[in-house]
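# Coordinate inspection notes
So the chains spell out like this:
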Amino acid sequence: MSKILLDDKAINRALTRIAHEIIEKNKGVEDIVILGIKTRGVPLAKRIVKKIESFESESIPFDVLDITFYRDDLEKKTNQPIVHNDLQVLVENKTVILIDDVIYTGRTLRAAIDAVIDAGRPKKIQFAALIDRGHRELPLRPDYVGKNIPTSNNEIVHVHLSEEDGLDEVVVNEVEL
């Protein structure tokens, strides 16, 4: 059973609000770098960058952050993890804003922070999530949230984006535990 929580218009409004909040909180866009966490954080980050650039008439450095080898559950996948960092933007002394679709336990965010710090020493790291569904296992929280959606552990939040899925919507499905 699926329930639509956000449609395309609601997602656009949330991303517009996040873009404005980023500008306000940072008193402009000087020294900002935006990183989209692979996979669905990337199109969301690109949309936010486009909005900020249209509001501020300035170019924002953007890159894709792949945190696969920074996950703390990697030992389940391979014995010898290969750590790599392919960032093309400089993060040293910058305000790095990480963008992802859903924050749940906080483990993806922790891995993303590790990846950024391996690339350099930022002045500040901030985090934006389209959906905050709660249930944190680590003491991390987003600076910018599109929508807080309280969920149970037997629910899964799916973010569908036109760039990846052909449509924009956020749905919640109940699963059997």
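Use the structure listed above.
These notes cover the structure that comes with them. (Residues numbered from 1 in each chain as written. Predicted model: local features only at pLDDT ≥ 70, side-chain atom pairs only at ≥ 80, totals over all residues. Heavy atoms only, no water.)

## A word on the packing of helix α1 (residues 8–25) against helix α2 (residues 41–56)
Viewed as axis vectors pointing N to C, α1 and α2 meet at an angle of 60°, and their least axial separation amounts to 9 Å. On the basis of their axis angle, the class for α1 and α2 is oblique. In terms of crossing hand, the pair formed by α1 and α2 is right-handed. Between α1 and α2, the contacting residues are I11, N12, L15, T16, I18, A19, H20, I22 and I23 on the first element and L44, R47, I48, K51, I52, F55 and E56 on the second. Partitioning the contact of α1 with α2 into residue classes produces ten nonpolar, three polar and three charged. (Axes fitted to C-alpha atoms, helices over the stretch in contact; angles between N-to-C directions. Helix = DSSP H or I, 4+ residues; strand = E, 2+ residues; numbered from the N terminus. Parallel < 35°, antiparallel > 145°, perpendicular 65-115°, else oblique. Left-handed = near helix turned anticlockwise from the far one by under 90°. Contact = heavy atoms within 4.5 Å. Nonpolar A, V, L, I, M, F, W, Y, C, P; charged D, E, K, R; others polar.)

## A word on the nonpolar core
I34, I48, I52, L130 and I131 are the most contacted members of the largest nonpolar core, which has 31 residues in total. Within the residue set of this core, elements represented by two or more residues are α1, β2 (32–37), α2, β4 (95–103), β5 (124–132), β7 (155–160) and β8 (169–174). Here L130 is in contact with I11, A14, L15, L44, D100, D101, V145, G146, K147, V159 and V170, once residues within four sequence places are set aside. Counting 19 residues, the second largest nonpolar core, distinct from the first, contains L109, A112, A115 and F127. (Core = buried A, V, L, I, M, F, W, Y, C linked by side-chain atoms within 4.5 Å. Buried < 20%, exposed > 50% of the residue type's maximum accessible area, 1.4 Å probe, protein only.)

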